[in-house]
Amino acid sequence: MTSGSKRVPWDETVPPLAHRAHNGLRADRAWCSVVLCLGGVLLLAGLSGCAHSPPSEAEPPAAATRANPDPLEPWNRGVFGFNDALDRAILKPTATAYQDYVPPLVRKGVGNFFNNLEDAWTTINSTLQLKGRAAGESFTRLWVNTFFGLGGLLDVATEMRIPRHKEDFGQTLGYWGVGAGPYLVLPLLGPSTLRDTAALPVDWAGDPLSQQDDVRLRNSLFVLGQVDNRAGLLKQEALMEGATFDRYVLIRDAYLQYRRHLVYDGDPPDEPMPAEEDYSAEDYQETAAPETTASPDSAASSETEKSLAEDSADPTEPQVERDTRVPGRIPGTPTVPLDLGLPGLKIIK
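We now turn to the structure provided with this report.

Reading the values: the criteria
- Residues numbered from 1 in each chain as written.
- Predicted model: local features only at pLDDT ≥ 70, side-chain atom pairs only at ≥ 80, totals over all residues.
- Heavy atoms only, no water.
- Helix = DSSP H or I, 4+ residues; strand = E, 2+ residues; numbered from the N terminus.
- Contact = heavy atoms within 4.5 Å.
- Areas by Shrake-Rupley, 256 points an atom, 1.4 Å probe, with all protein chains shown as cover.
- Buried < 20%, exposed > 50% of the residue type's maximum accessible area, 1.4 Å probe, protein only.
- Salt bridge = Lys/Arg side-chain N within 4 Å of Asp/Glu carboxyl O.
- Core = buried A, V, L, I, M, F, W, Y, C linked by side-chain atoms within 4.5 Å.
- Pairing = 2+ DSSP bridges.
- Polar contact = N/O pair within 3.5 Å; in protein donor to acceptor, adjacent residues only side chain to side chain.
- Axes fitted to C-alpha atoms, helices over the stretch in contact; angles between N-to-C directions.
- Parallel < 35°, antiparallel > 145°, perpendicular 65-115°, else oblique.
- Nonpolar A, V, L, I, M, F, W, Y, C, P; charged D, E, K, R; others polar.
- Phe/Tyr/Trp six-rings, centres within 6.5 Å; stacked < 30°, edge-to-face > 60°.
- Expected span 1.5 Å × (residues − 1).

To continue, consider the overall build of the protein. Check the secondary structure of the protein and you find 13 helices and two strands. Counting only contacts in the protein whose residues sit at least 6 apart along the sequence, the fraction spanning at least 24 positions is 72%. Carbon together with sulfur atoms contributes 61% to the accessible area of the protein, which is approximately 23,700 Å² in total.

In structure tokens:
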């Protein structure tokens, strides 16, 4: 009987274990090829990475996006409420039980394991951004922790003082000039931007967990990673309980600021100051008193009050120079991400 496809006959003389060993040998050869190719790319990146750095002065974002980074706020607030309710009902209680009943040593090993997996994707994205040193350090962390840290359960690379970096494809797009776009809250995934949302499929494809063929094991590891991340934010989140501010606005501004710092490796360019016409005179200027003809008695009284005010002033009190263009802003004050304990928001340390 003929068929459209030709089957390869099974060699009965070869034991099944030999076939498995042959397949394993082919897989090992494939991984060796990948490692060699990655090493070559890292070498090229190391040679060229020092000669390239992101521009320190980037073009300002579009005026519309700068004025309103959240044009989809009604939709985002609805999704934010759904995510928050789901977190309070399922994820937070699970993370609390995980923190209370799992030994700290085990939780530390779980965190090290997932950080080691992230180092693999960071290596690739650092290479795509021509950051030779960061790519080399991330690749060194990967193989050191994998081979000497029991598959990443022990963070041997940190003990060797090899710094850890974090890069994803959204940062790679931002490095090459792709704007963040409007703020966007995704169901179950939390805060994002249009650029980071477009990069998610690539990030998922580059995640080593996605290469796991065992669906049950892959899903179990994914859930464990989410619970471990959530448990690490419980202490920071406790600081926000009972606060009266708008949590949605705070999370949005902190996330946008945090991602901007990641794209520029913690040194973002200064944002342009608002135009003079954006502020009215009464916002930052004191109303001048009408000019009147002062009598000698009133002039003497004003001089006495002025001298008393100068005497009562504390000479040790620091004097803060404020920007006269923007109310309440102190020149030179650094803009840093807020230390928030919230789902989906990493904390800069």
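So much for the structure itself; the text now carries on.
This next bit is on unusual backbone geometry. With phi around 60°, Leu130 is a residue other than glycine that occupies positive phi space. Among the secondary structure elements, Leu130 is positioned in the loop between helix H4 (104–128) and helix H5 (132–148). Residue Asp265 is not a glycine yet carries a positive backbone phi of 55°. Here Asp265 shows up in the loop between helix H11 (247–263) and helix H12 (281–284). Given the relative accessible area of 43%, Asp265 is considered partly exposed.

Attention now goes to the pattern of salt bridges. Taken as a whole, this structure holds 18 salt bridges when the rule is applied. Between Asp253 and Arg252 there is a salt bridge, with the nearest N and O atoms lying 3.2 Å from each other. With a relative accessible area of 37%, Asp253 lands in the partly exposed category. Taking the relative accessible area as the measure of exposure, Arg252 reaches 13% and is therefore buried.

This part is about the nonpolar core. If you look at the biggest cluster of nonpolar residues, it comprises ten residues: Ala95, Tyr98, Val110, Phe114, Leu117, Leu209, Leu221, Val227, Ala231 and Leu234. Broken down by secondary-structure element, the contributors of at least two residues to this core are helix H3 (73–101), H4 and helix H9 (215–231). Contacts of Ala231, omitting those with residues within four sequence positions, involve Ala95, Tyr98 and Gln99. Val79, Val185, Ile251 and Tyr255 belong to the second largest nonpolar core, which has seven residues in total.

Side chains of strand E1 (residues 183–186) alternate between two faces, with Tyr183 and Val185 and Leu184 and Leu186 buried alike. Both E1 and strand E2 (residues 190–193) contribute to a ladder of four bridges, which runs antiparallel. Within E2, the residue paired with Leu186 across the bridge is Gly190. Remark: three residues form the turn of the hairpin made by E1 and E2, two consecutive strands paired antiparallel; Leu188 in that turn has positive phi of roughly 70°.

Looking at where Asn116 falls in the secondary structure, it is placed in helix H4. Among the residues examined, Asn116 registers a relative accessible area of 4% and is labelled buried. In terms of polar contacts, Asn116 uses its side chain to reach the side chain of Thr146, at 3.1 Å. In this view, Asn116 contacts Arg141, Leu142, Asn145, Thr146, Gly151 and Gly152; residues no more than four positions away in its chain are not counted.

In this section: the packing of H3 against H9. One way to put it is that H3 packs onto H9 with a least axis distance of 8 Å and a crossing angle of 80°. It follows from the interaxial angle that H3 and H9 lie roughly perpendicular. Between H3 and H9, the contacting residues are Asp87, Leu91, Lys92, Thr94, Ala95, Tyr98 and Gln99 on the first element and Leu224, Val227, Asp228, Arg230 and Ala231 on the second. Taken together, the residues of the contact of H3 with H9 sort by class into six nonpolar, two polar and four charged.

Aromatic ring pairs are described here by two measures, namely the spacing of the ring centres and the angle between the planes. If you walk through the whole model with that rule in mind, you get six aromatic pairs. The rings of Phe80, Tyr183, Tyr248 and Tyr255 are connected pair by pair, giving a single aromatic cluster.

Attention now goes to the side chain of Asp70. Within the secondary structure, Asp70 sits in the loop between helix H2 (63–67) and H3. Of the polar contacts made by the side chain of Asp70, one reaches the side chain of Asn76; its length is 2.7 Å. For Asp70, the residues in contact, after removing those within four places along its chain, are Asn76, Tyr183, Tyr248 and Arg252.

The terminal C-alpha atoms of H5 lie 24 Å apart, and with 17 residues this matches the ideal 24 Å at 1.5 Å per residue to within 8%. If you check which residues of H5 are buried, you get Gly132, Ala134, Ala135, Glu137, Ser138, Arg141, Val144 and Asn145. Looking one or two places after H5, you find Leu150, whose phi comes out positive at around 55°.

Everything listed is a geometric property; what it means functionally is a separate question.
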